[in-house]
Every structure is written in structure tokens, then in C-alpha cells.
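Chain and residue survey
These are the residues of each chain, in order.
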Amino acid sequence: MDAPRFPTTKIQPPRSRAVRVERPLLDATVTEALLDCRLVLLQAPGGFGKTSTLAAQLARLPAGTALAWVSMDEDDDPRRLLACLAAALEPHDLPWRTSPEALVAQLVDDGVTLRRAVAELVNALAGAEAPRGVIVLDDLHRVALAPTHAMLDALIARLPPKWTLVLSTRVAPPLALARMRVAGELAEFTQDDLRFNAGEAAALAGAEASAAARERVDELFERTQGWPAGLQLCLAAMRTRPGAAGGLAADSGARMDRHLFEYLATEVLDDMPAALHDFLVRCSVLPELTAARAAAVSGDARAAERLDEIEARGLFVTALEAHERTLVLHDLFRDALHERLRRRFADELPQLLKRAAAGETDPLRRVGYLLRADDWAGAEAALVAAAPELFLGGGGGEVQRLVAQFEPAWRNASPRLLRLAGIAACLRWQWTEMARCMEDAAQAAAAAGDTAERQLAQAYLALAVYPLGRNAQSETLIAQLRDPAQPPLNAVARRVMLMADANQRFRRGEHAELPGVFAEVMDSLEAGASLYDWWECVPANSWATVRGMRLQILRYVRGALARLGDRALPMRGEVQIKRALAELWSGRLDNAAREAERAEADMHWLACSAEMEISVELFRVIEAGFRGRRDEVARRLDTLFVREDSSTEERRSLWLHQVAIYGVRVTDAIDGDPATLRRWAAHLLERPLEDPSSDNARAVATRARYAAAQGRWADAMPLFDHLLPRADHMDVNGQAIELRLRCAHARLRCDRLDDAADAARPALQRMRDEDERGHALMCGVAVLAALAEAPWEARLAPELQDELRAVARLAAELRVESTAAAPADRAKQPSAPAASADSRDDGLLSSREREVLERIAAGDSNKLIARALDISPHTVKRHVANILDKLGLESRGQASAWLREHA
């Protein structure tokens, strides 16, 4: 499992104070709410003890209660919140059916991915083994992002009954809580509930060593009106200066706000030893204090002793349950310290922030420190270094947000920041924005005299304008970058330029050049490129049937999977489907189906985007066509047909055109029904049957198919003849071989056997040389049978006739197998996830899954299972998901019961 991109202190609950004033009524009420209500809201101004109250009660929950704690920050968007929740819940071995890391990676600010993420989280919570669970979101007032609040609304609405969500905040959260109030499922605690009563104030004063404090407790209680922070600060001030609280105005306790706290904090801070005071002020730039980090930032070698003294003085800090002592300053106290830092050590602030950045492991915080320090160069360098991993994990939005925080003049003059913004736009399919950013980046680099950055921006620009149809601009850029008179490109720029060049060669139909171009990309990747570089160079699925590309794509698949290891990245599903397509077009459909199942399982587990899922669906359409499953093809095509929900008619028409291309070809592969062909042809942009004058190759091919389906061979043959010179340029999804064989069939029907052999010969030779029988399956059983039975005699070499008979036999066998097996309709339900690398045993589960199941039944946690089987915890989670999916179960407990029943 990849390390979470947030400080682990965010998910460490506070330690309950060793000495605390007993508050039996409040404690009993809060504990009851935690056990009985689905939502608990603690809403009060700062200093009312919300966090300490929760810490005390959580420690008293029944044994076995699952707890997840998240301290919220202002930049906690839905992705970061989900990542924190998944990590905080990790010790409880939730039965995730989709990788939580992948859900985080795919989550963007839209309703679709947000609903999916919440649904998966809710299902995992429902399947937890713990009898009761509590999730705490502390300091929710810090978050102002509407998508985060929308995520919480969705979670609250669907939270399983055995879980309680606790929200601690200073202000009313913008959430839809009315329904929970009406249903009696919301427990609310306000400042009136949390303030000390007179007895509790006396108990607090009684714990003090100061006689003056004990004598004046009634006065202090009245003046602070039971505000816990105010009482504590008054007592702390009077501990060394008995008259310190006397200047408190009689009505100031009614305000109980930041100004009062700062007044009281001044009394406390001014009385501190200078060394401790300066240590605290300098360390206030840190969100959490550990001895090592505090020493690095403050320069004080006695940092550990300072932390001891801070705790001994009872200052406003919370100790976390962490591996090393970690103290968190109360927000009000930190604000008071920040004010002193700005007043007394303003010249030190940039350096303190840089020191904080140097020791920060979270890349987002590191960049944030440097931005606060106005260290634009340092922040840029940190962001550039962190961006590849952020992009791989789906963090394009985070990169965009950080780029936007740079000073505008610096940002607009930085080719690297503009390039990162362009890549982030690419991840959201915003091609126009990507092109604009890359143009600006190239101009900024040229102005700075940075040739390498200019070339890199131009290479990305050549990629960006391809989906926009600005092909002349792309070709010009590629030519400039290939110009030997120009400085040589670095490895990254050359790879990006080659990928842009490959796109253009494929578009122009220069398919013979494509394998050589991509082989250059592969040579560069295998020379030591990063996983991010491999991800940038994923070959298009449409290249799979280009002659010579099969081996290059398999080469890419092997290398990419080796570098992925067991990382939970959506890239895995995208890579796996390419291996399935390679097997499909080789005609090995059983192997292809197994690879597609693995890809489909990966895409489900890794929460892949709808665009990736479409590639699997199109694979299923072609496979079903090869097997002659007419109803399944129709159902899958109809599902794809209504899938695009676009706001523009132009985009809708383009999508229907793409689906219709498959509809025409796969329908023709099954039985060539004229009515079905006409139906799909009507959605092609060329309208080939309505406009017979169009010379577009696709339009001509459609008219040729339609004439052949109607038995009008005299009309079909010249149309196929017309296409033969263009067949190699049309070689997408096996079309070159298919068109040659269909042309041969049309000539055969017109009694032109010699010409038929001439048309078939190149196709059969390529099939034999390149292992590409799957291309011929697009012709359908009837065409292949007629060709196989023709009296070729010496017109075709014996080995080519053998190849023809073999592919005809394969097509017929696939139809027979499909009819005999009568498989369940896979379009109605997803296939069970395939066991990744394990050979299956004789039962439903793989041997590895059986081992994992036995460990679950023995009561082992995921970590223990991982240790025992020498696999990663992430792999264990994947096996658990497979087990539950295959057995139709919801929890680990049900899986244990299943094993006992079937042992």
C-alpha cells in the first residue's frame, strides 16, 4: 500500500489527560450519545474542551469498539478526507470491495466519483466485524470546501446503524442535519453543555497549588462564566502572579473569545522563562511538536526538556497517541504565539518556515511552508519533485491548487509551473486548457532562455492539440523538435515528442512507421525511466492491430506491470486490458477472456474511470461477436449507445458515431443482417447509406458491407476493390485483413477466383507471419467458410490454404462452443474478480485465497496474514475482496462461517 499523502498525526487520537476534573453528568451523556446516536455534534467556541471531552469518553468505550480519528485542516478536500478515513480505519480490517487508495486517486469534484467513494466506504463500514464503531472529525470548522461538506452529507445519510459519526466544531457546519434531528438520531452539545459549573470550577482550582486561586475561585468562575480555557489560563497566571487576573474586566467573561484568550495568554507567556518562551514562539509554525522537529526548527538542542516543561506547566497542548511523544498546540494558544512571532521575530519567520519544510514528509505541507515563506523558487522545486507521484495517485487537483497559490508574476513566468498546470488539465480531459498552459510554458521558457523546458513544453503541446484536431500545429511542432539543427532533446522531451509523433503517424495511416517509433519509446523507458514516465507513454488500444505493434505492446505490458509491483494504481487495469486485446487479435479467445477478467477485476478494485471501463466493454462486444452471441452484442452496444450523457449535441453525435463503428463491424461479423447494418450506419457521421457520393473510406466500406449483406455482389465487389489500396491505412481493429478477405469473398462470388486469391494472399501471409488470426474473425463464419472451401489449387500456396482453413475452423468452433455452453449473460452482472497471479485450485477460490480465508477464520488481522504469507497488506485486502465477491458474502465473519461449514 502506498504511504498516505498526509501527516500521520492527522489520524492519531489525543491521549486522555492523566489528571482531569471529573464531570460525571457530561461524561455520562456524551458516552450514551456515542453508543446510541448515529451523529454527535459538539459545537462551541474555542477553549470549551471539545477535544479533551471526546478523548476522555473514547477511552471509556466498550472493548472492541472501532475508532477512527481525523483532525481536519482547511485544505481537506474529499480526496484527502477519504485518504485519512481509510488510513484511520486500517487497523479494523474493513472488507473493502474496491481499493480505498484507488478510490482516493479517482475522486474528483463531481457527483459520480463522490457517490461511488461514499458508497464503497459505507459498504466497508457495514461489513466491519466490530460491534460498534466511532468516527471523529475534529476541528471541522477549519474546512470551508463545499465538496467536503457534500461528502459528509452523503456519508451521514447512509451511515450504517452500528457506526457513530462525531463532529467537533466551533461553528454550525453547513450540513443537512434537520432529518437527523427529527429522527432523534442527532445528539448536540453546545457551550452551555460544555462550560464548567461552579463545582467543577472549584475542583479545578482545588487541584492547583495556589492558595490565591482556591480563594478566588467563585470570582474567577463568574468572570469566565465557566469557560474552561479562561479558567485554566487565569489559574496558570495566578500560580506565579497572584494578582494577574485582577485586571480582567467584569463583563469580559461574557465574550469568551480570542481577545480574552490573548489577554490571558499574555499573562502566562510573559511570566515564562525566556528560553521556553522563545522556543514556543518559534515552534508555533509547526502543527505538531516532536523533540526532533522542534529542535530542528527552533535550533534549541534542549527541545525534549522544553516539551517536558510545557506538559508540566499544563499549557494548552494535547498529547497524541503516537510512537514518539507528539504535542499539538491548541488553536487559540498557537494563534497567540503566532502573533508574538510576527511582532518579535518577524525577520526569522521565513527561515523558520524553511526549516519546517526541510523536515516535513508530507509533500503538500512542505510546499505550503515554502509558499508561506515566499520562497517561490524552493516551493516550485518541491512541487516539481512531488508532482509525478501526485499525478500517479490522481492528485492533479492538488497540483492545480498549489500552482494557483504562487505569486502571479512568478507563476506566469515559470515554465515548470505552467507545464504542471497543463498536465493537471490533461488528467481532467481539459485539452484546450492543457494546450493553453503548454503554449504559455513554451513562451515563458523561451523568454528565460531555457531550451530544455521550451522543448518539453512544445512536446506536450504537440500531444495536447491532437484530440483538438489541430493536427497541422502538432506536425509542425514535431518537425521542429526533430530538426537535427536544434539542440538535442532530453530523454523526457524525446519520449513525449515520440508519443505525439506516433499519434500523428497513426492518424495519417502511416502504420508501417508506428512500431519503429514506439520501439524508440520503449528503449528509452527500459533505460531506467520512472513509473510516471511509463504511465505517460501508455500505448493507445487502437494501435493493437497495427502490423508489428503486438510485440511492442506486450513488451510495454511486461515492463509496466513489473514496475507497478503491487501498487494500487488505476494504471494497472489500463495496462492489463492491452494484454487481453493482444490475445483477442491473435485469435486465442479463451486466453483473452481470462486476461479481460483480470483487467475487469483490476478496474473494479482500482476504481478505474468510466473511460477505462469502456475499453473492457468494447473488448466484450468484439469477443461476443466472434462467438456469435447476437443478443449479447446487441445488449452491450445498446448499453454503450446510451452511456454518454453529454451537454452538447456535437459530443453526443461523436459518441454515437464511435459506437456505430463497432455496431456496423461486429454486426457484420455475426451474420451481416441488412436491417441491423442499416440501423447502425444511420448513426455514422458520414451517413454512408443516405449519401452514396461520399468517398470517405469508412463510408465506402459500409456501403460495401451493406451490398454484400443483401447479396448484391456485383455492387459490393467494386466497392471492396476500391478500398484495397487504402486497406493498410485503415488498419484499426483488424480492418486491413478483414477488408482483404471480404474483397476476396466478393470476387469469389463474382467468379473471379484469380483476383480473389490476389486479394486474400497478403492477408493470409500476414496472419501466418504475425500470429493474427483474430483479425480474420471479423469476417464471420460464412465468409471464412466460403473462402476455405474455394478451389484455390495453385492460386494460393498450400501453407496459406492451411491458414485459411485453420481460421475458418476456429470461427466455426467458437460458434459451436458458444451455443453448447449457453453461458450466463455476462452483461447482466460483473464477472467475479480473477485471482491475480495464483493458479486456481479445483474449487471456487484460488489456492492463495484459500490460505487467506483459513487465516481469517483463525482470527488473524490483515497485517498478521501479510506477515505469515509474505505478501503486502494491500494484497491481503485484495484477496479478502475476491473471497467475499466469489462467495457472495459481506464480512470476514461470514467468510469464517462459510469455511467452517464447507471445511
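Summary of the structure given here. (Residues numbered from 1 in each chain as written. Predicted model: local features only at pLDDT ≥ 70, side-chain atom pairs only at ≥ 80, totals over all residues. Heavy atoms only, no water.)

Brief notes about the overall build of the protein chain
Looking only at helices and strands, the protein chain features 47 helices and seven strands. Along the three orthogonal principal directions, the C-alpha set of the protein chain runs to about 120 × 75 × 50 Å. Taken over 903 residues, the protein chain has a buried fraction of 56%. Of the contacts made within the protein chain by residues no fewer than 6 positions apart, 70% connect residues no fewer than 24 positions apart. Accessible surface computed for the protein chain: about 36,400 Å², of which carbon and sulfur atoms make up 51%. One finds the centroid of the 115 positive side-chain charges in the protein chain at a distance of 1 Å from the centroid of its 131 negative side-chain charges. (Helix = DSSP H or I, 4+ residues; strand = E, 2+ residues; numbered from the N terminus. Buried < 20%, exposed > 50% of the residue type's maximum accessible area, 1.4 Å probe, protein only. Contact = heavy atoms within 4.5 Å. Areas by Shrake-Rupley, 256 points an atom, 1.4 Å probe, with all protein chains shown as cover. Lys, Arg positive; Asp, Glu negative; His and termini not counted. Charge placed at Lys NZ, Arg CZ, Asp CG, Glu CD.)

Here's the deal with the pairing of strand S3 (residues 133-138)
Burial analysis of S3 places six of its six residues in the buried class, the great majority of the element. Note that strand S2 (residues 66-71) and S3 share six bridges and pair parallel. In the sheet register, Val70 faces S3, and the bridge partner there is Leu137. Pairing geometry for S3 and strand S4 (residues 163-169), over five bridges, is parallel. Following the sheet pairing, Gly133 is matched in S4 by Trp163. With helix H6 (residues 146-158) bridging S3 and its parallel neighbour S4, the resulting β-α-β unit is right-handed. (Pairing = 2+ DSSP bridges. Right-handed = clockwise from strand over helix to strand, strands pointing away.)

Structural notes on the packing of aromatic side chains
All told, the structure shown has nine aromatic pairs when counted by the stated rule. With a centroid separation of 5.5 Å and 40° between ring planes, the pair formed by Trp534 and Tyr556 is classed as tilted. In this pair, Trp534 is assigned in helix H29 (residues 531-536) and Tyr556 in helix H30 (residues 549-564), connecting sequence segments 22 residues apart. Side by side, Trp534 and Tyr556 carry an identical accessibility label, which is buried. A ring pair is formed by Trp585 and Phe626, whose centres lie 6.0 Å apart and whose planes are at 80°; its orientation type is edge-to-face. Taken as a pair, Trp585 in helix H31 (residues 571-586) and Phe626 in helix H33 (residues 610-626) lie far apart in primary sequence, 41 residues in all. Phe626 gets classed as buried once you look at its relative accessible area, which sits at 4%. (Phe/Tyr/Trp six-rings, centres within 6.5 Å; stacked < 30°, edge-to-face > 60°.)

Observations regarding the packing of helix H38 (residues 713-723) against helix H39 (residues 735-749)
Running from N to C, H38 and H39 cross one another at 145°; their axes reach a closest spacing of 9 Å. Relative to H39, H38 is oriented so that their crossing is left-handed. Side by side, H38 and H39 meet where Trp713, Met717, Phe720, Asp721 and Leu723 of the first sit next to Leu739, Arg742, Cys743, His745, Ala746, Arg747 and Arg749 of the second. Its residues assigned to classes, the contact of H38 with H39 shows seven nonpolar, one polar and four charged. (Axes fitted to C-alpha atoms, helices over the stretch in contact; angles between N-to-C directions. Left-handed = near helix turned anticlockwise from the far one by under 90°. Nonpolar A, V, L, I, M, F, W, Y, C, P; charged D, E, K, R; others polar.)

Concerning the nonpolar core
In this structure, Leu137, Tyr556 and Leu741 are the most contacted members of the largest nonpolar core, which totals 264 residues. Other than its neighbours up to four places away in sequence, Tyr556 contacts Phe518, Met522, Leu525, Trp534, Trp535, Cys537, Val538, Pro539, Met571 and Val575. Ranked by size, the runner-up nonpolar core spans 17 residues in total, among them Ala866, Val880, Leu884 and Leu899. (Core = buried A, V, L, I, M, F, W, Y, C linked by side-chain atoms within 4.5 Å.)

Thoughts on the sheet that holds S3
Across the sheet, five strands lie side by side as S2-S3-S4-S1-S5; this open sheet has parallel pairing. On the outer flanks of this sheet lie S2 and strand S5 (186-189), each paired with one strand and no other. Recorded for the sheet is a direction-independent mean angle of 15° between the axes of neighbouring strands. The sheet strands contacting helix H1 (residues 24-36) are strand S1 (39-43), S3, S4 and S5, and the helix crosses S5 at an angle near 150°.

Focus: the side chain of Asp73
Along the chain, Asp73 falls in the loop between S2 and helix H3 (78-89). Among the polar contacts listed, one links the side chain of Asp73 to the side chain of Lys10, at a separation of 3.0 Å. Once residues lying within four places of it in the same chain are set aside, the contact partners of Asp73 are Lys10, Arg142, Val143 and Arg365. (Polar contact = N/O pair within 3.5 Å; in protein donor to acceptor, adjacent residues only side chain to side chain.)

Remarks on helix H40 (residues 753-770)
In an α-helix, one turn spans 3.6 residues, which is why side chains three or four residues apart end up on the same side. In this model H40 runs 25 Å from its N-terminal to its C-terminal C-alpha over 18 residues, within 8% of the 26 Å that 1.5 Å per residue would give. By the largest-angle criterion, Ala760 marks the main kink of H40, which is about 35°, and a proline, Pro762, follows within four residues. Considered for burial, the residues of H40 that qualify are Leu753, Ala756, Ala757, Ala759, Ala760, Ala763, Leu764, Arg766 and Met767. Taken from the residues just after H40, Asp771 is the one with a positive phi, measuring 60°. (Expected span 1.5 Å × (residues − 1). Bend = angle between axes of the 7 residues up to and from the residue.)

Considerations on the environment of Leu370
Its place among the elements puts Leu370 in helix H19 (residues 363-372). Judged by relative accessible area, Leu370 falls into the buried class, the value being 9%. A sequence separation of 10 residues divides Leu370 from Glu380, and the C-alpha atoms of the two residues are 8.8 Å apart. Setting aside anything within four residues of it in sequence, one finds Leu370 in contact with Lys354, Ala357, Asp375, Gly378, Ala379 and Ala382.

Here's the deal with the pattern of salt bridges
Any two side chains of opposite charge can pair, given that their charged atoms come close. What the rule picks out here adds up to 86 salt bridges. With its nearest N and O atoms 2.5 Å apart, the salt bridge here joins Arg142 to Asp331. Here Arg142, found in the loop between S3 and H6, pairs with Asp331, found in helix H17 (residues 331-344); they are 189 residues apart in sequence, far enough to count as distant. Judged by relative accessible area, Arg142 falls into the partly exposed class, the value being 24%. (Salt bridge = Lys/Arg side-chain N within 4 Å of Asp/Glu carboxyl O.)

Structural notes on the side chain of Arg495
Relative to the helices and strands, Arg495 is located in helix H27 (residues 491-508). On the basis of relative accessibility, which here comes to 5%, the residue Arg495 falls in the buried class. A polar atom in the side chain of Arg495 sits 2.8 Å from the side chain of Ser524. If near-sequence neighbours (up to four positions away) are discounted, Arg495 is found in contact with Val521, Ser524, Leu525, Ala529, Asp533 and Cys537.

Some details on the packing of helix H36 (residues 674-681) against helix H37 (residues 697-709)
When two helices pack together, their arrangement is given by the angle between the helix axes and by the axis-to-axis distance. It is at 9 Å that the axes of H36 and H37 come closest, and there the two elements cross at 160°. Between H36 and H37, the interaxial angle falls into the category roughly antiparallel. Handedness of the crossing formed by H36 with H37: left-handed. Counted together, Pro674, Leu677, Arg678 and Ala681 of H36 and Thr702, Arg705, Tyr706 and Ala709 of H37 form the full contact between these two elements. Tallied by class, residues from the contact of H36 with H37 come to five nonpolar, one polar and two charged. (Parallel < 35°, antiparallel > 145°, perpendicular 65-115°, else oblique.)

Some points on unusual backbone geometry
Look at Asp93: it is not a glycine, yet its phi comes out positive at around 50°. Tracing the backbone shows Asp93 in the loop between H3 and helix H4 (100-106). Residue class for Asp93 comes out buried when judged on its relative accessible area of 11%. A positive phi angle, near 50°, is found at Glu793, a position not held by glycine. By secondary structure assignment, the location of Glu793 is in the loop between helix H42 (781-789) and helix H43 (798-821).

Quick notes on the environment of Asp362
Within the fold, Asp362 resides in the loop between helix H18 (349-358) and H19. What makes Asp362 buried here is its relative accessible area of 2%. For the pair Asp362 and Ala386, spaced 24 residues apart in sequence, the C-alpha to C-alpha distance is 9.6 Å.

Some details on H19
A large share of H19 lies buried, amounting to eight of its 10 residues. For H19, the complete set of buried residues consists of Pro363, Leu364, Arg365, Val367, Gly368, Tyr369, Leu370 and Leu371. Immediately beyond the C-terminal end of H19, within one or two residues, lies Asp374, with a positive phi of roughly 60°.

Re the environment of Ala187
With respect to the helices and strands, the residue Ala187 is situated in strand S5. Given a relative accessible area of 12%, Ala187 falls into the buried group. For the pair Ala187 and Gly628, spaced 441 residues apart in sequence, the C-alpha separation works out to 60 Å. Leave out the neighbours within four places in its chain, and Ala187 touches Ala33, Cys37, Leu39, Val40 and Leu41.

Thoughts on the state of the cysteines
Tallied over the full model, the rule gives zero disulfides. Here Cys426 is not disulfide-linked; the sulfur of Cys437 is the nearest cysteine sulfur, at 11 Å. Since its relative accessible area comes to 24%, Cys426 is described here as partly exposed. (Disulfide = S-S within 2.5 Å.)

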